[in-house]
Amino acid sequence: MKVSTHSILYNNEIKKGYFLMGFECNTLKKAEPGQFITISVDGIEANMPLRRPFTIYKINNSTVEILYKVVGKGTKLFSTLKPGDTINILGPLGNSFRMFENSKIILLGRGVGLASLACLGDSLKKLGCDITVIASFKDESSNIIDDYIKSFSNDIIVVEDEDGTSSCDNVRKIIEGINPDVIYSCGSKRLLRMLQKMKYKSYVTLEERMGCGLGACLTCAIKTPSGYKRVCKDGPCFDVMEVII
Amino acid sequence: MKVSTHSILYNNEIKKGYFLMGFECNTLKKAEPGQFITISVDGIEANMPLRRPFTIYKINNSTVEILYKVVGKGTKLFSTLKPGDTINILGPLGNSFRMFENSKIILLGRGVGLASLACLGDSLKKLGCDITVIASFKDESSNIIDDYIKSFSNDIIVVEDEDGTSSCDNVRKIIEGINPDVIYSCGSKRLLRMLQKMKYKSYVTLEERMGCGLGACLTCAIKTPSGYKRVCKDGPCFDVMEVII
Amino acid sequence: MNLSVNIGSLKLRNPVMNASGTFGLYDYKDVIDFSKLGAVVSKSVTLDPRQGNPPPRIAEVQSGILNAVGIQNDGALDFVKNKLPKMKDIDVNLIVSVSNLKVADYKKSTEILESANGIAAYEVNVSCPNLETGGTAFGMSCQETYNVVKSVKDVATRPVIVKLSPNVTDIVEIAKYAVDAGADALTVANTYIGMAVDLKTRRPKLGNITGGLSGPAIKPLTMRLVYAIKKAIDIPIIASGGIMTAEDALEYLMIGASAVQVGTMNFTRPDIMVDIIEGIKEFMLNEKMQDINDFIGSLSI
Amino acid sequence: MNLSVNIGSLKLRNPVMNASGTFGLYDYKDVIDFSKLGAVVSKSVTLDPRQGNPPPRIAEVQSGILNAVGIQNDGALDFVKNKLPKMKDIDVNLIVSVSNLKVADYKKSTEILESANGIAAYEVNVSCPNLETGGTAFGMSCQETYNVVKSVKDVATRPVIVKLSPNVTDIVEIAKYAVDAGADALTVANTYIGMAVDLKTRRPKLGNITGGLSGPAIKPLTMRLVYAIKKAIDIPIIASGGIMTAEDALEYLMIGASAVQVGTMNFTRPDIMVDIIEGIKEFMLNEKMQDINDFIGSLSI
Ligand SMILES: Cc1cc2nc3c(=O)[nH]c(=O)nc-3n(C[C@H](O)[C@H](O)[C@H](O)COP(=O)(O)OP(=O)(O)OC[C@H]3O[C@@H](n4cnc5c(N)ncnc54)[C@H](O)[C@@H]3O)c2cc1C
Ligand SMILES: Cc1cc2nc3c(=O)[nH]c(=O)nc-3n(C[C@H](O)[C@H](O)[C@H](O)COP(=O)(O)OP(=O)(O)OC[C@H]3O[C@@H](n4cnc5c(N)ncnc54)[C@H](O)[C@@H]3O)c2cc1C
Ligand SMILES: Cc1cc2nc3c(=O)[nH]c(=O)nc-3n(C[C@H](O)[C@H](O)[C@H](O)COP(=O)(O)O)c2cc1C
Ligand SMILES: Cc1cc2nc3c(=O)[nH]c(=O)nc-3n(C[C@H](O)[C@H](O)[C@H](O)COP(=O)(O)O)c2cc1C
Ligand code: FES
Ligand code: FES
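Residues numbered from 1 in each chain as written. Chains lettered and ligands numbered in written order. Predicted model: local features only at pLDDT ≥ 70, side-chain atom pairs only at ≥ 80, totals over all residues. Heavy atoms only, no water.

Participant: What is the right way to read the interface of chain D and chain C from this model?
Facilitator: Interface size is commonly expressed as the accessible area that is lost once the parts come together. Listed as interface residues are 43 residues of chain D and, on the opposing side, 43 residues of chain C. Counting each side, the surface lost to burial between chain D and chain C is near 3,800 Å², with a carbon and sulfur contribution of 68%. In terms of surface lost to chain C, no three residues of chain D exceed D:Met195, D:Leu199 and D:Arg202, which account for 21% of the buried area on that side. With a shortest N-O distance of 3.2 Å, C:Arg202 and D:Glu287 are connected by a salt bridge. Our count for the contact surface shared by chain D and chain C stands at ten residue pairs in polar contact (both at pLDDT 80 or more). When its residues are assigned to classes, the side of chain D that touches chain C shows 27 nonpolar, nine polar and seven charged. (Contact = heavy atoms within 4.5 Å. Buried area = accessible area lost by both parts, 1.4 Å probe. Salt bridge = Lys/Arg side-chain N within 4 Å of Asp/Glu carboxyl O. Polar contact = N/O pair within 3.5 Å; in protein donor to acceptor, adjacent residues only side chain to side chain. Nonpolar A, V, L, I, M, F, W, Y, C, P; charged D, E, K, R; others polar.)

Participant: What should I look at first to understand the packing of helix 1 (residues 76–83) of chain C against helix 2 (residues 103–114) of chain C in this one?
Facilitator: All names here are of chain C. As a packed pair, helix 1 and helix 2 sit with axes 9 Å apart at the nearest point and diverge in direction by 15°. If you check the angle between helix 1 and helix 2, you find them roughly parallel. Relative to helix 2, helix 1 is oriented so that their crossing is right-handed. Taking contact as the criterion, the partners of Ala76, Leu77, Phe79 and Val80 in helix 1 are, on helix 2, Ser109, Ile112 and Leu113. (Axes fitted to C-alpha atoms, helices over the stretch in contact; angles between N-to-C directions. Helix = DSSP H or I, 4+ residues; strand = E, 2+ residues; numbered from the N terminus. Parallel < 35°, antiparallel > 145°, perpendicular 65-115°, else oblique. Left-handed = near helix turned anticlockwise from the far one by under 90°.)

Participant: I'm lost on the sheet that holds strand 7 (residues 86–93) of chain A in this one. Help?
Facilitator: Strand-to-strand pairing in sheets goes through backbone hydrogen bonds, with the strands running parallel or antiparallel. All names here are of chain A. Overall, antiparallel pairing links the seven strands, which are arranged 4-3-7-1-2-6-5 in an open sheet. Two strands in the sheet have a free side with no partner beyond their single neighbour: strand 4 (52–55) and strand 5 (58–60). Taking each pair of neighbouring strands and ignoring which way they run, the sheet shows an average axis angle of 35°. In terms of strand pairing, strand 3 (residues 36–39) meets strand 7 through three bridges, oriented antiparallel. Along strand 7, the bridge assignment pairs Phe36 with Leu93. (Pairing = 2+ DSSP bridges.)

Participant: What is the right way to look at the side chain of C:Ser109 in this model?
Facilitator: Residue and element names in this part refer to chain C. Of note, Ser109 is situated in helix 2. The exposure class of Ser109 is buried, given its relative accessible area of 1%. When sequence neighbours within four positions are dropped, the list of residues in contact with Ser109 reads Leu47, Ala76, Val98 and Asn100. (Buried < 20%, exposed > 50% of the residue type's maximum accessible area, 1.4 Å probe, protein only.)

Limitation: the analysis is restricted to geometry and does not speak to function.
What follows is the structure in structure tokens.
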């Protein structure tokens with residue numbers, strides 16, 4: 001794990017409000033699925049002192065990608081960056097997902113949370129898994145499924161708020177229909193609580209506001225049966241039974 | 001006087017660390033010599049909430065120019081702006097120089113202070129004055145005399161720290177040799193104090209740190225025999241006998 | 001859509017006004033349309049003329065400024081005679097800020113202002129250094145705050161708003177004394193004492209060495225003060241500290257302020273208050289809100 | 001070129017260290033070369049383990065952050081048993097921050113730390129809410145500050161640095177009590193109480209509602225505190241508040257601090273302290289300065 005400055009290779013709006021940023025970064029080459037990086041917003045101008053965390057979306061040799069949604073001041077600023085501009089990166093950070101071979105897998109992503117499961121899907125595929133993506137979106141405008149996600153998916157099921165298919169009830173039925181060995185989830189506390197009540201082995205990657213990203217400041221606490229844990233160091237990947245949401 | 005946003009036409013480094021910025025601005029068309037504008041640095045990001053004041057360097061119909069030196073965070077940021085970028089301008093502000101017709105004039109400028117006398121020189125020339133510029137610089141690298149200044153000057157005398165010609169003694173002798181009707185000065189408190197002791201009618205344009213620029217906040221105070229005055233509203237142009245430096 | 005709010009018996013057409021000392025009166029007619037504002041607040045007026053502090057009086061720091069003007073003004077009599085008449089035809093509530101260095105002067109200057117028309121309310125600034133006790137502000141002591149406010153209330157026929165100092169261990173306690181002395185509302189709060197130095201000259205950046213910190217940097221601090229006072233005391237509060245956008249203003253209203261003052265950001269954009277008022281309207285429209293008073297104090301804990 | 005400074009009997013190889021709670025110990029070995037730092041300060045340790053405040057515990061504000069971690073830690077015994085040994089081979093002065101919610105606990109936790117090797121000094125954090133008197137910090141009262149410091153000094157054989165709370169009317173008075181109780185040095189200061197809310201959710205941004213403001217926004221405030229204490233009392237001061245660059249650090253040294261702590265900016269750049277130390281060296285080189293101690297307190301008024 002290292003702090004370093006990198007040139008942006010591309011930063012494309014793949015869908016209104018969603019950007020795919022690529023940069024060269026050797027230190028991230030060996031990052032594992034579920035790990036994340038933090039990016040400094042305005043550096044030592046420090047109008048915005050907190051670094052922003054993003055899951056690694058894709059690693060292609062030394063080219064690393066993140067997929068992010070513009071939600072506030074920081075991501076808005078990132079969205080204006082152009083190829084050749086530099087960003088300051090810290091990573092890889094956090095633990096990674098426990099992975100399984102030759103298993104029946106569901107990746108259950110809500111909104112941009114799906115981006116946090118892409119790298120994992122890619123790796124699981126290489127381990128011989130059969131992968132169904134259940135992608136939950138508000139509506140078509142936030143559907144971020146791209147060729148990369150398609151490349152490792154055996155099946156992709158899109159559920160949406162607009163037509164009611166994204167209800168917990170419906171998602172539960174879909175999952176039970178598939179009867180997977182393992183579920184990985186990101187992006188919805190509602191779905192997480194549902195998984196906690198289901199019988200399947202399930203993992204989740206969590207988001208919490210962060211200070212250091214390195215395990216030192218204890219600001220990224222989430223509740224667990226054994227007290228507070230740190231999303232940045234003990235996570236961001238947890239067994240769903242391990243967290244209290 | 002108005003707040004308004006304008007596109008930059010050009011922003012050229014005319015000499016290392018000195019920039020000439022031009023923009024279209026109708027409301028400044030009728031500004032008078034010695035008046036100034038203030039420019040907002042980062043707007044309502046407000047990491048740098050104070051607007052920066054600059055004398056109008058040149059007015060050419062609706063194209064207005066300022067000549068500025070990079071000295072701190074604000075001017076550094078300005079120096080990165082490109083044609084098409086916008087700046088927020090407030091002005092014209094302050095009083096203007098009292099002007100005389102058909103007179104023998106000295107414009108005595110120190111460093112970038114000379115920029116604050118250019119517009120004045122241009123106007124005085126049109127009033128039939130004979131103009132000698134005495135330009136005092138640290139060394140050749142800060143000599144900002146350009147074609148515009150040459151265009152209204154009958155004579156230009158450059159004095160420098162390097163060869164000692166910029167000493168008060170020497171400048172006094174040069175002035176006495178010319179025996180002008182009126183002297184206008186900017187950029188040096190040392191030269192200002194010298195002028196206060198000489199017999200010539202002299203005016204100065206002063207700089208002080210500013211809040212509002214509009215006469216309301218009383219932060220831009222300078223001492224005068226009749227109490228504090230406001231550089232932004234009672235000035236920036238003063239009779240040298242009117243100020244205590 | 002209703003934007004009007006009440007500060008005690010004072011009715012404002014909307015909750016946005018300037019903070020004292022950061023905005024002009026009649027001479028700002030070119031800059032802003034006064035009839036759009038909730039009120040305007042004058043620069044603080046003292047009984048006797050004051051010449052103020054030596055320059056430099058202002059310095060920029062990260063996301064804020066320091067100032068040490070030293071309440072330069074021509075005195076209460078001059079204000080009534082020469083400044084007030086120029087406001088006659090301007091359609092806006094005028095709140096006159098009253099400040100002094102001796103307790104007795106507060107009463108006298110209020111009496112002078114009482115003799116004049118065209119004033120909607122007083123804002124009593126207790127953040128001035130108290131010369132009688134060696135330079136700490138009245139607003140840093142419960143008893144002195146009480147004494148100052150009482151002396152103004154004794155003669156005032158108009159609403160009295162007390163502007164508190166934030167430089168205290170327990171602002172709630174001081175607020176209670178102000179209210180006990182008869183304050184009709186509180187402005188929370190003035191500037192925070194700060195300092196900046198210049199590495200090159202190795203000198204302080206202000207002639208007065210220390211000054212008051214204002215601007216976006218202080219918003220979280222003043223937010224906490226407004227929240228603490230509102231929780232403890234039932235009195236209208238005008239929030240003053242770091243307001244830059246309509247969102248900032250709305251945040252203060254949400255935690256219980258009845259109105260807000262914009263200070264430093266008038267320097268950044270002299271017409272910013274109009275943008276803030278427009279932004280509040282837009283928010284209400286988006287949230288389908290009929291009356292801003294339904295939003296005031298709507299924070300859920 | 002000499003960068004080493006003394007904090008009482010504690011000798012530092014340079015004046016730069018981290019602020020408590022914003023930096024890791026042994027687990028930061030990958031991030032920074034500890035042997036380049038003047039010292040490292042541990043996260044505050046309490047007698048009993050504390051689980052801390054509900055999330056969210058951090059929020060960003062303009063040029064700063066709010067935090068309300070609530071001194072989560074595993075207690076003094078665990079610190080001595082499990083954390084301290086891992087620091088054994090790390091070549092840097094370790095200052096252990098001690099905090100508590102009851103006066104008596106300060107003495108007990110110091111006794112536990114006294115039993116261990118590898119500690120260079122204590123930093124007594126009096127900014128914790130005092131449970132015995134209803135939640136205001138020890139550091140907001142002269143007498144309680146005195147009691148806490150005295151109880152640590154009674155058992156400490158190592159230098160005792162007292163970290164003051166800035167949330168007070170008169171910090172100089174409190175500093176005097178700390179010094180009277182035996183403080184060998186002061187850290188000035190902790191975070192400023194603040195608050196932030198979210199317009200969308202209409203809730204506070206912190207689980208604890210209020211939190212401590214830190215970062216560049218507070219620098220002018222803490223500068224003033226350092227200056228005021230230095231003028232009044234002759235004691236070594238470690239400055240802590242808003243340091244972002246070598247210039248910021250140098251400004252604090254110029255007004256009289258003997259060393260500085262970097263807090264929030266470690267989040268922005270985990271290796272920033274090394275840059276700050278390099279920047280100080282560069283400044284000394286440019287100014288042809290042999291000894292940083294000649295620069296300390298060199299402000300001219
Ligand atoms: C481990 C992790 C992985 C993430 N991966 C992705 C990803 O791959 N793609 C993506 O679009 N987003 C991801 N996020 C969320 C992303 O970090 C936030 O959307 C982003 O920080 C918002 O910044 P902003 O300045 O635009 O928003 P603002 O609201 O202005 O941010 C202000 C502060 O809040 C913090 N913040 C805001 N939202 C969140 C959040 N949801 N979680 C944590 N901190 C937050 C920011 O870090 C910043 O400190 C991830 C978050 C975490 C914790
Ligand atoms: C009436 C007037 C006319 C001016 N005209 C010119 C001009 O034509 N060309 C030019 O190069 N410069 C001019 N200046 C000076 C110019 O305003 C400053 O150099 C500039 O504001 C520095 O900004 P900064 O952010 O780079 O420096 P910083 O030091 O980072 O500025 C910080 C703060 O100090 C203020 N400040 C810094 N230096 C000065 C100064 N000398 N006078 C007033 N405020 C200052 C800034 O406004 C800002 O508020 C003028 C100043 C005044 C008052
Ligand atoms: C230059 C300046 C002058 C001020 N003068 C006064 C004053 O005369 N009386 C007063 O009560 N407050 C005065 N203040 C404080 C402001 O009214 C306001 O309370 C403070 O600046 C905080 O708000 P802000 O962050 O929006 O600026 C002054 C502030 C500034 C910046
Ligand atoms: C997340 C966080 C946790 C902190 N924890 C402690 C602590 O445990 N003990 C303490 O004395 N100070 C603590 N502080 C205060 C810092 O040590 C420091 O004094 C303060 O942040 C001001 O410095 P800065 O502006 O450089 O951050 C903490 C600050 C932050 C931001
Ligand atoms: S962000 Fe600091 S411990 Fe997780
Ligand atoms: S800058 Fe406000 S009065 Fe001059």
